[in-house]
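Spelled out, the chains give:
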Amino acid sequence: MFFVDTLEFEGLGNRSYLAGGPSAAVVVDPPRDIDQVIAAAARRGVRIAYVAETHVHNDYITGGLELARVTGAQYLVPAGAHVSFARTAVADGDTAGVDTGLVLRAIATPGHTPHHTSYVLEEDGRGVAAFTGGSLLIGTVGRPDLVEPRLTEQLARAQHASAHRLVAELDDEVPVLPTHGFGSFCSSSQAEGDATTIGKERTSNDALTLDVDTFVAQMLAGLEDVPAYYAHMGPANAAGPAPVDLTPPRRADGEEIASRLAAGEWVVDLRSRMAFADGHVAGSFNFEGDGKLATYLAWLIPWGKPVTLLADTPEQIADAQRELARVGIDRPAAAATGDPAGWIRAGEQLASFPRARFADLADVRERGDDVVVLDVRRDSERAGGFIEGSVHIPIHELHGRIGEVPDGTVWVHCAGGMRAAIAASLLDAAGRDVVAVDDGFDAATDAGLPLTSG
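Since we're looking at a predicted model, the values are computed, not measured.

Novice: Which parts of the structure should I look at to understand the environment of Gln159?
Specialist: Mapped onto the elements, Gln159 comes out in helix 3 (residues 152–169). By relative accessible area, Gln159 is classed as buried at 0%. If we ignore the near neighbours within four places in the chain, the residues touching Gln159 are Pro110, Gly111, His112, Gly134, Ser135, Val141 and Gly142. Engagement of the side chain of Gln159 in a polar contact is seen with the backbone oxygen of Gly134, the distance being 3.1 Å.

The following block contains the structure:
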C-alpha cells in the first residue's frame, strides 16, 4: 500500500508532498524549513529515500538540498536545470524505486520552466498519483512568464502540450497533486477547489478544452504582475540555498526600534489591522501575521533591507520568521513582543488612524467632504468595477509611488481590508492623513457609491 501526505503552506499558496510505502518515501518540492518534513516522515515511520524537485522554483526557497544532505536521500533535479551543486539529474522517463512495488517515474512537462518535470508514483506499474508541480494545476496551469520574457509564448505553448501529454498517459482517476495554485502567484490563474483528478481536468481545464492558439492568447492576456522578490528566488535555488536558521532574534526596546527606523530600516508590526490602527509605533508598517505575510512583505520591501518584527507573542514572531525564511528574508534584525507601549521611548505616544466602512465613505462624500479614494487592488480586480473618481495604485507599487497620491485625507481600500491596512500603514508612515476602509468591496455598491469600469 502507498500513502500520500500533503504539507500545505497557505501563506505562499503552495503544497509539498511526502509519498511512499511502509518503509521509504519521496518528498516532492519541499519547503526551506525542513523540520516539519522530517517530522511528517517520522510520524509515518519511513525513511526519506528521495527528494524530488519539479523545477527550480521562482516563488520560494527550496529546502531540497538541505533535506537530502540531512537524510542522505538522493536529490532528484531535472537534468535541464542549471544548478551549482551535485544532484541526481533526472530526464524524461527516468525511474526511481521508492519502496517495494512503488516506482517514481519522471515525465518532462516543460512550460512553467523549460526544464519542468512532473513525477508519477506508480504502484505495480499503475499510476496512482501525479505530482505536477507548476504544470497541470487545478483548473489552470503554472504561468510561463517567470523565466525570460522572450520565451513566454513558447513556454505557454509548451504548457498546453505538457497538459495534453499528462492526460494521454494517465488514467482519469489518478489524483493531480500540484505544488502551485492555492494562492501562489506562480499560477496563471487561481485554483477553484481543493482536489482534482486527471479526469476532472480533462473536462474542465482550459489547457485541455481549448485549442492551443486560443489557450495561449487567453492565458497571456490574463497574467498578473510578477512579485518583485521572485527575481531572487531562482538564482538562490540554483546556487544551493543555505540551511535555515530559525533561532529567535534579539529583543529590541523602544530606543533600538527608534534607532532602526531612523536608519531607514523596516519595522513590521504583525498584529491585526484593528490593533495596529488603534495604536502603533510611528513609522512602522502593518503586515498581518495571519495574512499573506511572506508574499506581500517580500514583494514590497527593498531586497536586503533589515527588518524588525513586532507582535503580541513570541510564537507569532517565530511563525513569521519561519514564513519569511521560505522567501529568503532571513534573520530579523530584532524583535519585540507584548504591550506596544513598550515599543516606544519614554515620553512618546503611539500613532493611530481611523478605520471605516464603505457606508462611511458614502456619507462623507454625500456631505461634500474633499477626500481622496485610493484603490490598491490589482489591475484585473479594478477592471471589474471601481469607485468613480478613485485613484488606482496597486499595493505592490504604492511604496514607490506615494508621492502620486493627491493631497487630502486618503480613504484607502482593497477587496477585503488586508491590503488596505498595509497601504494605510505606508501612507501613515509617510505623514499622510489616512482612513483604512476595512470592508468587502461588494459593500461599496450596497452603500450607494457609484461604480464604473473601463
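Novice: Hey, could you run me through the pairing of strand 3 (residues 24–28) in this one?
Specialist: Looking down a regular strand, the side chains alternate between one sheet face and the other. When you tally the buried positions in strand 3, you get five out of five residues, the bulk of the element. Here strand 3 shows no split at all, with Ala24, Val26 and Val28 on one side and Ala25 and Val27 on the other all buried. Alignment of strand 2 (residues 14–20) against strand 3, held across four bridges, turns out to be antiparallel. Bridge assignment links Tyr17 to a residue of strand 3, and that residue is Val28. Hairpin remark: strand 2 followed by strand 3, antiparallel, with three residues in the connecting loop.

Novice: What am I meant to see in the sheet that holds strand 13 (residues 285–286) here?
Specialist: Strand pairing in a sheet takes place through backbone hydrogen bonds and is either antiparallel or parallel in direction. Taken together, four strands build an open sheet; the order of strands is 13-12-14-15 and the sheet is parallel. Edge positions in the sheet fall to strand 13 and strand 15 (334–337), since each of these pairs with one other strand and no more. By the bridge criterion, four bridges tie strand 14 (residues 307–311) to strand 15 in an arrangement that is parallel. Residue Leu310 lies in a different strand from strand 15, and its bridge partner there is Ala336. Each of strand 14 and strand 15 touches helix 11 (residues 314–325); the most contacted strand, strand 14, lies at about 140° to it.

Novice: In this structure, what is going on with the packing of helix 3 against helix 6 (residues 212–221)? I would like to understand it.
Specialist: In helix packing, the relevant descriptors are the interaxial angle and the interaxial distance, both defined with respect to the helix axes. Contact geometry of helix 3 with helix 6 gives a least axis separation of 9 Å together with a crossing angle of 125°. Relative to helix 6, the element helix 3 is oriented oblique. You can see that helix 3 and helix 6 cross each other, and the crossing is right-handed. Across the interface between the two elements, Thr152, Glu153, Ala156, Arg157 and His160 of helix 3 pack against Val212, Asp213, Phe215, Val216, Met219 and Leu220 of helix 6. Class assignment of the residues belonging to the contact of helix 3 with helix 6 gives a composition of six nonpolar, two polar and three charged.

Rules behind the numbers
Residues numbered from 1 in each chain as written. Predicted model: local features only at pLDDT ≥ 70, side-chain atom pairs only at ≥ 80, totals over all residues. Heavy atoms only, no water. Helix = DSSP H or I, 4+ residues; strand = E, 2+ residues; numbered from the N terminus. Buried < 20%, exposed > 50% of the residue type's maximum accessible area, 1.4 Å probe, protein only. Contact = heavy atoms within 4.5 Å. Polar contact = N/O pair within 3.5 Å; in protein donor to acceptor, adjacent residues only side chain to side chain. Pairing = 2+ DSSP bridges. Axes fitted to C-alpha atoms, helices over the stretch in contact; angles between N-to-C directions. Parallel < 35°, antiparallel > 145°, perpendicular 65-115°, else oblique. Left-handed = near helix turned anticlockwise from the far one by under 90°. Nonpolar A, V, L, I, M, F, W, Y, C, P; charged D, E, K, R; others polar.

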